[in-house]
Amino acid sequence: MTRNPITPTIPLDRDGVHHGHLRLPYSRDDSAWGSVMIPLTVIKNGDGPTALLTGANHGDEYEGPIALQELALTTRPEDVTGRLIIVPAFNYPAFRAGTRTSPIDRVNLNRAFPGRPDGTVTEKIADYFQTTLLPLADLAVDFHSGGGTLDFVPFAAAHILDDKSTQDRCFKATEAFNAPYSVELLEIDNVGMYDTAVEAMGKTLVTTELGGGRSSTALSNAIAKRGLRNVLIHAAILRGKIETRPTVTLTMPDDDCYLFSAAEGLHEPMVDLGAEVRAGDLVARVWPADRTGIAPGEYRAQRDGVLIGRHFPGLIQMGDCIAVLGVPKD
Ligand SMILES: [Zn+2]
């Protein structure tokens with residue numbers, strides 16, 4: 001069996017604060033014996049649970065990298081019981097390019113699991129997490145936002161799972177994260193996702209969508225930092241008190257929560273993120289980009305709910321996700 005070529009430049013199992021990299025050999029035109037160097041911090045203090053904390057699984061999502069940079073810089077060993085493994089830029093080549101997928105192989109890390117030790121750069125990253133880092137973890141927090149093409153109300157999420165004991169742990173941790181919205185998330189396509197790999201191992205997972213549009217805001221970063229701290233306190237890894245604010249709990253009962261554009265054109269949002277809508281309400285319109293005198297396509301809510309996600313750019317393609325609804329749980 002091929003061994004994964006990634007090696008950490010710091011110990012994963014020693015007490016203290018260690019800053020280094022995951023070194024992935026990558027031979028290429030400008031560096032014959034070169035490497036991809038993925039920043040890594042390990043903070044450990046004695047025995048206790050391990051949290052594996054990742055940002056920039058997609059390279060154009062920024063709240064995670066910011067919150068994790070700060071955590072890596074400011075956490076002292078005495079603040080921790082157990083271990084933090086911090087990887088602010090999970091798909092590092094994509095992060096450096098500011099793109100969703102890796103510029104090296106165009107692979108979407110969040111569709112590459114379980115990965116391959118002898119695959120492309122992105123597949124090797126996936127395999128290393130699958131076979132080396134995830135088995136060490138009790139809890140995984142994987143930060144997402146909308147990136148270049150989507151925008152979201154700030155939410156933390158867990159998935160509805162067949163394994164109810166894992167599901168219950170994931171929802172409790174998501175509530176502890178305490179973003180303004182907490183969502184029972186239904187994925188369009190969960191095959192190959194990191195989330196699915198984590199959950200299949202029975203580990204606790206919190207994921208997020210905290211904003212989007214290929215940037216972050218003071219508010220979305222504050223939510224990321226507070227949520228991260230809260231969930232680590234909940235997991236008994238960080239000392240402190242969970243800071244609780246009101247959260248709206250939403251669920252996604254079926255695929256009707258997603259609306260997709262049936263045409264290309266000019267995207268006109270008709271309600272903004274966080275708006276409450278009733279079934280039949282107009283959520284967005286798509287105008288032709290290439291002519292006048294033609295009525296726009298209309299996109300209406302298929303159920304009562306809250307607009308939690310939307311297409312971000314002003315232009316849209318056929319098949320793009322145009323709107324996402326969540327349904328309040330009472
Ligand atoms: Zn993402």
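Quick caveat, the model's predicted, so the values are computed rather than measured.

What counts and what doesn't
- Residues numbered from 1 in each chain as written.
- Predicted model: local features only at pLDDT ≥ 70, side-chain atom pairs only at ≥ 80, totals over all residues.
- Heavy atoms only, no water.
- Helix = DSSP H or I, 4+ residues; strand = E, 2+ residues; numbered from the N terminus.
- Rg over C-alpha atoms; globule rule 2.2 N^0.38 Å.
- Buried < 20%, exposed > 50% of the residue type's maximum accessible area, 1.4 Å probe, protein only.
- Lys, Arg positive; Asp, Glu negative; His and termini not counted.
- Charge placed at Lys NZ, Arg CZ, Asp CG, Glu CD.
- Pairing = 2+ DSSP bridges.
- Right-handed = clockwise from strand over helix to strand, strands pointing away.
- UniProt positions renumbered as here; feature names shortened; annotations may be inferred.
- Contact = heavy atoms within 4.5 Å.
- Axes fitted to C-alpha atoms, helices over the stretch in contact; angles between N-to-C directions.
- Parallel < 35°, antiparallel > 145°, perpendicular 65-115°, else oblique.
- Left-handed = near helix turned anticlockwise from the far one by under 90°.
- Nonpolar A, V, L, I, M, F, W, Y, C, P; charged D, E, K, R; others polar.
- Donors = N, O, S within 2.8 Å, 3.2 Å for Na, K, Ca; no water.
- Tetrahedral: all angles 85-135°; square planar, octahedral: opposite > 155°, others 65-115°.
- Domains from an automatic or database assignment.
- Buried area = accessible area lost by both parts, 1.4 Å probe.
- Salt bridge = Lys/Arg side-chain N within 4 Å of Asp/Glu carboxyl O.
- Expected span 1.5 Å × (residues − 1).
- Polar contact = N/O pair within 3.5 Å; in protein donor to acceptor, adjacent residues only side chain to side chain.

Moving on, we get to the overall build of the chain. Each helix and strand in the chain was counted, giving six helices and 19 strands. Taken against the 2.2 N^0.38 rule, which gives 20 Å for 330 residues, the C-alpha radius of gyration of the chain at 20 Å falls within 12% of a compact globule. Counting only C-alpha atoms and orienting by the principal axes, one finds that the chain spans roughly 65 × 50 × 35 Å. Within the chain, the fraction of its 330 residues that count as buried is 53%. Side-chain charges in the chain split into 31 positive and 42 negative, and the spacing between the mean points of these groups amounts to 5 Å.

Most of strand E5 (residues 82–87) sits out of view: six of its six residues are buried. Both strand E3 (residues 35–45) and E5 contribute to a ladder of five bridges, which runs antiparallel. Within E5, the position partnered with Lys44 by the bridge is Arg83. With five bridges connecting them, strand E4 (residues 50–54) and E5 associate as parallel partners. Of the residues in E5, the one forming a bridge with Ala51 is Leu84. Handedness of the crossover joining E4 and E5 through helix H1 (residues 63–74): right-handed.

Attention shifts here to the sheet that holds strand E15 (residues 282–287). What the four strands build is an open sheet, ordered E16-E15-E13-E18; its pairing is antiparallel. Edge positions in the open sheet fall to strand E16 (297–300) and strand E18 (315–316), since each of these has one partner strand only.

Turning our eyes to something else, we now look at the UniProt feature "domain: Succinylglutamate desuccinylase/Aspartoacylase catalytic" (unreviewed entry) in the chain. Following the UniProt record, the feature "domain: Succinylglutamate desuccinylase/Aspartoacylase catalytic" (unreviewed entry) maps to residues 47–234 here. This span, residues 47–234, is 37% helix and 18% strand, and a straight line between its end C-alpha atoms measures 17 Å.

So, on to the environment of Met270. Take Met270: it is sitting in the loop between strand E13 (265–269) and strand E14 (276–277). By relative accessible area, which is 32% here, Met270 ends up partly exposed. Taking the C-alpha atoms as reference points, Met270 and Tyr299, separated by 29 residues in sequence, lie 9.2 Å from one another. For Met270, the contacting residues outside a window of four places in its chain are Leu282, Val283, Ala284 and Arg285.

Okay, the packing of helix H4 (residues 164–177) against helix H6 (residues 218–234) next. Close contact between H4 and H6 brings their axes to 7 Å; oriented N to C, the two are set at 135 degrees. For the element pair H4 / H6, the angle class is oblique. Viewed along their axes, H4 and H6 form a crossing whose handedness is right-handed. The segment H4 lies against H6, with Lys172, Ala173, Ala176 and Phe177 engaging Ile223, Ala224, Gly227, Leu228, Asn230, Val231 and His234. Residues that form the contact of H4 with H6 fall into these classes: seven nonpolar, three polar and one charged.

The next thing to look at is the coordination of the zinc ion. Surrounding the zinc ion are the protein donor atoms His58 (ND1), Glu61 (OE), Glu61 (OE) and His144 (ND1), which sit 2.0 to 2.3 Å from the metal. Considering all four donor atoms around the zinc ion, angles at the metal cover 57 to 149 degrees and the coordination shape is irregular. As a motif over one chain, the donors of the zinc ion read H-x2-E-x82-H. With His58 in the loop between E4 and H1 and His144 in the loop between strand E6 (139–142) and strand E7 (150–152), this residue pair connects regions lying 86 residues apart in the sequence. There is no split in this pair, since His58 and His144 are both buried.

Split by domain assignment, the chain resolves into domain 1 (7–251) and domain 2 (255–328). Taking only C-alpha atoms into account, the centre of domain 1 sits 30 Å from that of domain 2. Domain 1 puts 15 residues into the contact, and the matching count from domain 2 is 17 residues. Between domain 1 and domain 2 the total buried area reaches about 1,400 Å² when both faces are included, carbon and sulfur atoms providing 69% of it. Taken together, the links from domain 1 to domain 2 amount to zero salt bridges.

The subject of this paragraph is H6. In this model, H6 (17 residues) spans 24 Å end to end at C-alpha, consistent with the 24 Å of a helix rising 1.5 Å per residue. Within the sequence span of H6, burial applies to Ser220, Asn221, Ile223, Ala224, Arg226, Gly227, Leu228, Asn230, Val231, Leu232 and Ile233. On its buried face, H6 sits against E4, H1, E5, E6, H4 and strand E10 (204–209). Once H6 finishes, Ala236 follows within two positions and takes phi at roughly 65 degrees, a positive value.

The end-to-end C-alpha separation of H4 is 20 Å, in line with the 20 Å expected for 14 residues at 1.5 Å each. Those residues of H4 not exposed but buried are Thr166, Gln167, Cys170, Phe171, Ala173, Thr174, Ala176 and Phe177. Where H4 starts, the residue carrying a side-chain oxygen 3.1 Å from the main-chain nitrogen of Ser165 turns out to be Asp163. A positive backbone phi angle near 60 degrees is found at Asn178, which sits one or two residues after H4.

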